[in-house]
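Examining the three-dimensional arrangement
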Amino acid sequence: MATVPPYRLATSLEDRISALETEFHRAYWESQVGVSPESESRRAELELELRRVKGDPESLRLVTEALNEELHEPMLKRQLEVLRRSLTANQMDDQLREELVGVSSAVESEFASFRPEVDGTRVSDNDILHILSTSIDETERRAAWEASKQIGARVDDRVRDLARLRNQASRDLGYGDYYRMSLELSEIPEEWLFSFLDDVDRLTHAPFSACKSSLDEGLARRLGVETIYPWHYADPFFQELPPDGRADLNAVLAPSSAVDLAAKTFAEWGIDLAKVLERSDLYPRERKCQHAFCLDVDRTGTDVRVLANVVPGEFWTSVMLHESGHAAYDLMIDQRLPYLLHRPAHTFVTEAMAIFSGRLVRNPQWLVDVAGIEADVADGLAERLRQTSAAQELLMARWVLVMAHFERELYSDPESDLDSLWWSLVERFQMVTPPPDRNAPDWAAKIHVAAAPVYYHNYLLGAVLSCQLEKEIEADCGEVIGNRGVGEWLSQRLFSPGNSMRWDALIESATGRPLSASDFADFVTT
Ligand SMILES: [Zn+2]
């Protein structure tokens, strides 16, 4: 049989995938800015079609064969590697694929439609959050927290099914389980990741413990209780700082436009987001996705869009800065790169950029220079802002440790006693006292376990890298705010190479050293 030359193989697969993926991205965007059964079914149809094309076993065979040949062009080799990983992740027979899609959509719609009851009244997630952040009534708090977990018992069997089905596809390909396969296909060695998580555990143990003690003391005083249980925190999983534990910027930011502030921040770095903002959909409306994301529609950097639901205040200002970080990255990737490499080096690398820019909202100099806050007001807030940023990162880090360790065990043995495992991890990493005699699948109440598998560690890697970037940028450029040199540094060192090299090589070339948790540790302790 005649073999296809590797270059031709890469381009022909790339053409097919890029056309379909661009069409899928357009349909995805439409389904998010105007939610309707039609737009949703069009999106689902294209997604399945894309998965089928990427799941073609013959394409994978040809790519693997080509990679076994001696390839002299590093760029071509990289393209084929990207293809191999993307095709491998989608290999499974049609029956398994349909079953997986069926179970996961059923679980996701259960999450979307289920409303638990407190005292016979149906409540939403927002109602629960409202009770947990404001109520001083022990019984009401506990009932609201328990209500937040009711979804777990409705979906846990199906989430275990999802893990079994995902494992089946991975084992058919020769991987130990889905967790290991997903890490390998995202170029994150499992051993490296868990030793990295151990470093983070070690470095954050004492500062987290101190931060939590002072939080707990405040809660015990305010709520008049002796032991702090999970329902005493402000959110069901203790991922967020309670509102009274943080600096509040809502009043000072209320008069400003979050969109203008984000545009100005990047313009001063020499990165023009005007075209992105023109194509974006930024304000709340009926039948529109309530969250925020950034999308590079055809992966050329010429049609980058942000979806947001901006209202005045700190939260959406920070979200706009975050999404603008993603957008700037997509915009500044070298135009000459082929489709498969014209994307960020890794999910967590673009996340790092977004976290770095999102955090500027708590930077006193940004508040003065960009948001126009009086200098003495910003000075007065500085210490509290610093503590808020550190405490928030600490809470996030310890929570990611729970999720990452839990997911590894879930896929390693979906039949094990996950209910107990969950609470032992929560106790170990978040230092939260488990409720007495709790016997329920609380792990299944976290939608990411079902809907965003083997993803959570990216939040932590992104946060860690954001600190390393900040440190190096300060060392190389001096001022961060309003300095064109920062935009050049980011564009040349971080954005421009796209996915032409692996994330670890990119981080070393951009910051001069491998990814390490030390700057993150400094960030959360100072
Ligand atoms: Zn993001």
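Here we summarise the structure given alongside this text.

Scoring rules and cut-offs
- Residues numbered from 1 in each chain as written.
- Predicted model: local features only at pLDDT ≥ 70, side-chain atom pairs only at ≥ 80, totals over all residues.
- Heavy atoms only, no water.
- Helix = DSSP H or I, 4+ residues; strand = E, 2+ residues; numbered from the N terminus.
- Rg over C-alpha atoms; globule rule 2.2 N^0.38 Å.
- Contact = heavy atoms within 4.5 Å.
- Areas by Shrake-Rupley, 256 points an atom, 1.4 Å probe, with all protein chains shown as cover.
- Donors = N, O, S within 2.8 Å, 3.2 Å for Na, K, Ca; no water.
- Tetrahedral: all angles 85-135°; square planar, octahedral: opposite > 155°, others 65-115°.
- Buried < 20%, exposed > 50% of the residue type's maximum accessible area, 1.4 Å probe, protein only.
- Patch = residues over 30% accessible without salt bridge, like charges linked within 9 Å, V, L, I, M, F, W, Y side chains within 5 Å.
- Salt bridge = Lys/Arg side-chain N within 4 Å of Asp/Glu carboxyl O.
- Lys, Arg positive; Asp, Glu negative; His and termini not counted.
- Charge placed at Lys NZ, Arg CZ, Asp CG, Glu CD.
- Expected span 1.5 Å × (residues − 1).
- Polar contact = N/O pair within 3.5 Å; in protein donor to acceptor, adjacent residues only side chain to side chain.
- Pairing = 2+ DSSP bridges.
- Core = buried A, V, L, I, M, F, W, Y, C linked by side-chain atoms within 4.5 Å.
- Phe/Tyr/Trp six-rings, centres within 6.5 Å; stacked < 30°, edge-to-face > 60°.
- Lys NZ or Arg CZ within 6 Å of the ring centre and 35° of its normal.

Looking at the overall build of the chain
Along its length, the chain carries 22 helices and 4 strands. Its C-alpha radius of gyration of 23 Å places the chain within 12% of the 24 Å reference for a compact globule of 526 residues. Oriented by its inertia axes, the alpha-carbon framework of the chain measures out at about 80 × 55 × 45 Å. Contacts in the chain between residues at least 24 apart in sequence constitute 77% of all its contacts with a sequence separation of at least 6. In the form shown here, the chain has an accessible surface area of approximately 22800 Å², with 49% of it arising from carbon and sulfur atoms.

Quick look at the coordination of the zinc ion
Around the zinc ion, the protein contributes the donor atoms H322 (NE2), H326 (NE2), E351 (OE) and E351 (OE), at 2.1 to 2.8 Å from the metal centre. The coordination sphere of the zinc ion comprises 4 donor atoms, whose angles at the metal cover 50 to 135 degrees; the geometry is irregular. Residue H326 is classed as buried on the basis of its relative accessible area of 10%. By relative accessible area, E351 is classed as buried at 11%.

With respect to a negative patch on the surface
Among the surface-exposed residues, D119, D137, E138 and E140 lie close enough to one another that they form a single negatively charged patch. With respect to the secondary-structure elements, D137 resides in the loop between α6 (125-134) and α7 (138-172). What makes D137 partly exposed here is its relative accessible area of 39%.

Some details on helix α20 (residues 484-495)
Given a rise of 1.5 Å per residue, 12 residues ought to cover 16 Å, and the 15 Å separating the end C-alpha atoms of α20 matches this to within 8%. Every buried residue belonging to α20 is among V486, G487, W489, L490, S491, L494 and F495, and all of these are buried. At its buried positions, α20 is contacted by α13 (314-332), α14 (347-358), α19 (457-477) and α21 (503-511). The distance from a side-chain oxygen at the start of α20 to the backbone nitrogen of G485 is 2.8 Å, and the residue carrying that oxygen is N483.

Some thoughts on the pairing of strand β3 (residues 293-296)
Residue alternation in β3 divides its side chains into two sets, F293 and L295 and C294 and D296, and both sets are buried. In the sheet, β3 pairs with strand β4 (residues 304-307) via 4 bridges, with the strands oriented antiparallel. Along β4, the bridge assignment pairs L295 with R305.

Regarding the environment of V33
Relative to the assigned elements, V33 resides in helix α1 (residues 6-33). Among the residues examined, V33 registers a relative accessible area of 13% and is labelled buried. For V33 and F356, which are 323 residues apart along the polypeptide, the C-alpha to C-alpha distance reads 27 Å. Excluding residues within four positions of it along the chain, V33 makes contact with D281, R285, R287, K288 and L307.

Notes on the side chain of E323
Position of E323 relative to the elements: it lies in helix α13. Despite its burial, E323 pairs with no opposite charge, the nearest such side chain being K288 at 12 Å. Residue contacts for E323: discarding those within four places in its chain leaves A292, F293, C294 and V306.

A word on the environment of T121
For T121, the location among the structural elements is in strand β2 (residues 121-122). Spatially, the C-alpha atoms of T121 and A10 are 57 Å apart, while their sequence positions differ by 111 residues.

Some thoughts on the pattern of salt bridges
Using the criterion set out here, one finds 38 salt bridges in the structure. Measuring nitrogen to oxygen at the nearest pair gives 2.9 Å for the salt bridge that ties E187 to R78. Taken as a pair, E187 in the loop between α8 (178-185) and α9 (190-223) and R78 in helix α4 (residues 74-89) lie far apart in primary sequence, 109 residues in all. Across this residue pair, the class does not change: E187 and R78 are buried. A salt bridge links D216 to K212, with the nearest nitrogen and oxygen atoms 2.6 Å apart. In this pair, D216 and K212 are both assigned in helix α9, 4 residues apart and thus about one turn of the helix distant. The pair D216 / K212 is uniform in exposure class, with both members buried. Residues joined in a network through salt bridges with shared partners are K471, E472, R513, D519 and D522.

Focus on the nonpolar core
Of all hydrophobic cores here, the largest spans 168 residues; its most connected members are L80, M320, W366, W422 and L490. Broken down by element, the residue count for this core peaks at 17 residues, all from helix α16 (residues 375-412). The next biggest cluster of nonpolar side chains, apart from the first, holds 7 residues, and it includes W29, V33, F293 and V297.

Overview of the packing of aromatic side chains
Under the definition given, this model contains 25 aromatic pairs. Ring geometry for W145 against W423: centres 6.1 Å apart, planes inclined by 55 degrees, an arrangement best described as tilted. Taken as a pair, W145 in helix α7 and W423 in helix α17 (residues 418-430) lie far apart in primary sequence, 278 residues in all. Summarising the burial analysis for this pair, W145 and W423 share the class buried. Linked through ring pairs, F237, W399, F406, W422, W443, Y455, Y456 and Y459 together constitute an aromatic cluster. Its end group placed over the ring of F237, K149 keeps NZ or CZ at 3.6 Å from the ring centre. Above the face of the F523 ring, R386 is positioned so that its terminal group lies 4.6 Å from the ring centre.

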